[in-house]
Amino acid sequence: MGLFKSKEEKEQRRDQKVKRFLAQHGLDDLNPKSYQLVKNIMDQKTPSDQLFFESAAFFHGNGFQNTLVTDLDALIEQNWLLIKQNDMIYSQNKIIAKLLEDKQSQ
């Protein structure tokens, strides 16, 4: 194994990371469009950014700031749940639209 990974290897590792994260949050059955959106969101925040933010808040923050960080983390988790629910609604709406289209063409 070399020191430098190819672009394809980096993409595969990132894709595996996204899939693992989605599975941990119950989002492993997203449609491809939603999956790509989640992947794009995850690519915007690098691990070093997250580590810096969390360590700065923990070591330099007072109780209020630490509570604020905890609350923001809870909001992020809620957003993942909303993504899942919206994806389910989208899938169900596609099925309903297909059924209505089939019924009208009869």
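Because the structure is a prediction, the values reported are computed rather than measured.

(A) Seen up close, the packing of aromatic side chains. The final tally for this structure, using the stated rule, is 1 aromatic pair. Both rings, one in Phe21 and one in Trp80, keep their centres 5.0 Å apart while their planes meet at 70 degrees; by these two values the pair is edge-to-face. Pair noted here: Phe21 is in helix 1 (residues 7–24) and Trp80 is in helix 4 (residues 63–104), with a separation of 59 residues, a long-range link.

(B) Quick look at the pattern of salt bridges. Here the structure, examined in full by the defined rule, presents 4 salt bridges. Across the pair Asp15 and Lys19 runs a salt bridge, and its minimum N-O distance is 3.5 Å. With Asp15 and Lys19 both in helix 1, this residue pair falls 4 residues apart, about one helical turn. Under the relative-accessibility criterion, Lys19 is labelled partly exposed at 47%. Linking Lys84 and Asp29 is a salt bridge whose minimum nitrogen-to-oxygen distance equals 2.1 Å.

(C) Focus on the side chain of Asn31. Inspection of the secondary structure assignment puts Asn31 in the loop between helix 1 and helix 2 (32–44). Classification of Asn31 by relative accessible area gives buried; the value is 14%. A polar atom in the side chain of Asn31 sits 2.6 Å from the side chain of Asp87. Setting aside residues up to four positions removed in sequence, Asn31 forms contacts with Asp87 and Tyr90.

(D) Focus on the environment of Trp80. Given a relative accessible area of 9%, Trp80 falls into the buried group. Discounting residues that sit within four places of it in the chain, Trp80 has contacts with Phe21, His25, Leu27, Val38 and Met42.

(E) Geometry of the nonpolar core. In terms of nonpolar packing, the biggest core is built from 8 residues, these being Val18, Leu22, Leu27, Leu30, Tyr35, Val38, Met42 and Trp80. Elements with a contribution of two residues or more to this core: helix 1 and helix 2. When residues in this core are grouped by element, the largest group, 3 residues, is from helix 2. The residues touching Met42, leaving out its near neighbours within four places in the chain, are Val18, Phe21 and Trp80.

Conventions adopted
- Residues numbered from 1 in each chain as written.
- Predicted model: local features only at pLDDT ≥ 70, side-chain atom pairs only at ≥ 80, totals over all residues.
- Heavy atoms only, no water.
- Phe/Tyr/Trp six-rings, centres within 6.5 Å; stacked < 30°, edge-to-face > 60°.
- Helix = DSSP H or I, 4+ residues; strand = E, 2+ residues; numbered from the N terminus.
- Salt bridge = Lys/Arg side-chain N within 4 Å of Asp/Glu carboxyl O.
- Buried < 20%, exposed > 50% of the residue type's maximum accessible area, 1.4 Å probe, protein only.
- Polar contact = N/O pair within 3.5 Å; in protein donor to acceptor, adjacent residues only side chain to side chain.
- Contact = heavy atoms within 4.5 Å.
- Core = buried A, V, L, I, M, F, W, Y, C linked by side-chain atoms within 4.5 Å.

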